[in-house]
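# Structural features, examined
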Amino acid sequence: MPVGTLIYGPHGSEFEFDDRLLAHLRVVIVTKFRRRESFTLSWELHRDSGGGRISLWLDPSIPLQFHFRGSREPTLNREWIEHLATIAGTTTGLVPLDEPK
């Protein structure tokens, strides 16, 4: 699966997610930004990256890019988007959960 990059902030910090997940995160993030909502995006780092967690404060005024490596737009799973959007609206913030089966 192609790995895309979320590029965030004035210094262009880069964070990798697989393209399919990144496409779903983009829908949720852009929807919240259209409403002028700020929120956190948090995830765990893989052990091969040193482990730990990252949390970003996402705000519509901060530069954001989605760079996809694959040449095709993934088919979106509406149920997954709704689940991610629900989590994003809580105090937990947006967490890249696995796609529902």
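In the block above lies the structure referred to throughout.
My aim in this report is to walk through the structure given alongside it, one point at a time. (Residues numbered from 1 in each chain as written. Predicted model: local features only at pLDDT ≥ 70, side-chain atom pairs only at ≥ 80, totals over all residues. Heavy atoms only, no water.)

### Some thoughts on the packing of aromatic side chains
The following threshold applies: Two rings belonging to Phe, Tyr or Trp (six-membered ring only in the last case) form a pair when the distance between their centres is within 6.5 Å. Interplanar angles under 30 degrees mark stacking, angles over 60 mark edge-to-face geometry, and anything in between is tilted. Only runs of H or I of at least four residues qualify as helices and only runs of E of at least two qualify as strands under DSSP, and these elements are numbered from the N terminus. Lysine and arginine charges are scored as sitting over a ring when NZ or CZ, respectively, is within 6 Å of the ring centre and within 35 degrees of the ring normal.
For the structure on display, the rule yields three aromatic pairs. On the numbers, 5.4 Å between centres and 80 degrees between planes, the contact of Phe15 with Trp43 is edge-to-face. With Phe15 in strand β2 (residues 13-18) and Trp43 in strand β3 (residues 39-44), this residue pair connects regions lying 28 residues apart in the sequence. In this structure an aromatic cluster arises from ring pairing among Phe15, Phe17 and Trp43. Lys32 extends its terminal NZ or CZ atom over the ring of Phe39, reaching a point 5.2 Å from the ring centre.

### Description of helix α1 (residues 19-34)
Condition: What a helix should span is 1.5 Å times the count of its residues minus one. Burial here depends on accessible area, computed with a 1.4 Å probe over protein chains only, as a share of the maximum for the residue type. Under 20% is buried, over 50% is exposed, and the range in between is partly exposed. Residues count as neighbours in contact if any of their non-hydrogen atoms are within 4.5 Å of one another. Polar contacts, as used here, are pairs of N or O atoms within 3.5 Å; protein pairs need one atom able to donate a hydrogen and one able to accept it. Residues neighboring in sequence count only if both atoms are side-chain atoms.
An ideal rise of 1.5 Å per residue puts 22 Å on 16 residues; α1 measures up with 22 Å between its terminal C-alpha atoms. For α1, the set of buried residues is Asp19, Leu21, Leu22, Ala23, His24, Leu25, Val28, Ile29, Lys32 and Phe33. Elements in contact with the buried residues of α1: β1 (3-8), β2, β3, β4 (53-58), β5 (64-67) and α2 (78-88). Capping the start of α1 is the job of one residue whose side-chain oxygen sits 3.0 Å from the backbone nitrogen of Arg20: Asp18. Once α1 ends, the next one or two residues include Arg36, with phi positive near 65 degrees.

### Quick look at the environment of Ile62
As for its position among the elements, Ile62 is in the loop between β4 and β5. Sequence-wise, Ile62 and Tyr8 are 54 residues apart; in three dimensions their C-alpha atoms are separated by 7.3 Å. Among all residues touching Ile62, those that are not within four sequence positions of it are Tyr8, Gly9, Pro10 and Trp57.

### Digging into the nonpolar core
As a reminder, the rule being used: Buried Ala, Val, Leu, Ile, Met, Phe, Trp, Tyr and Cys residues that are joined via side-chain atoms within 4.5 Å together make up what is termed a nonpolar core.
With 21 residues, the main nonpolar core has Leu6, Phe15, Phe17, Ile29, Leu56, Leu58 and Leu94 as its most contacted residues. Within the residue set of this core, elements represented by two or more residues are β1, β2, α1, β3, β4 and α2. The element best represented in this core is α1, accounting for six residues. When sequence neighbours within four positions are dropped, the list of residues in contact with Leu6 reads Ser13, Glu14, Phe15, Phe17, Leu22, Ile29, Leu41, Leu56, Leu64, Gln65 and Phe66.

### Some remarks on α2
Because each turn of an α-helix spans 3.6 residues, side chains separated by three or four positions end up pointing in the same direction. As a reminder of what qualifies: For this quantity, the arc is that covered by the directions from the helix axis to the C-beta atoms.
Within the span of α2, buried status applies to Trp80, Ile81, Leu84 and Ala88. Down the axis of α2, the buried side of the element spans an arc of 100 degrees, and every buried residue falls inside it. α2 presents Arg78 and Thr86 as exposed residues on the side facing more than 90 degrees away from its buried surface. Packing partners of the buried residues in α2 comprise α1 and β3. Here α2 starts with a cap whose side-chain oxygen sits 3.0 Å from the backbone nitrogen of Glu79, and that cap is Asn77.

### Structural notes on the environment of Phe17
Checked against the element boundaries, Phe17 lands in strand β2. Residue classification places Phe17 among the buried positions, given a relative accessible area of 6%. When the C-alpha positions of Phe17 and Pro2 are compared, they lie 8.8 Å apart, and in sequence the two are 15 residues distant. What Phe17 contacts, discounting residues up to four positions off in sequence, is Val3, Gly4, Leu6, Leu22, Leu25, Trp43 and Pro96.

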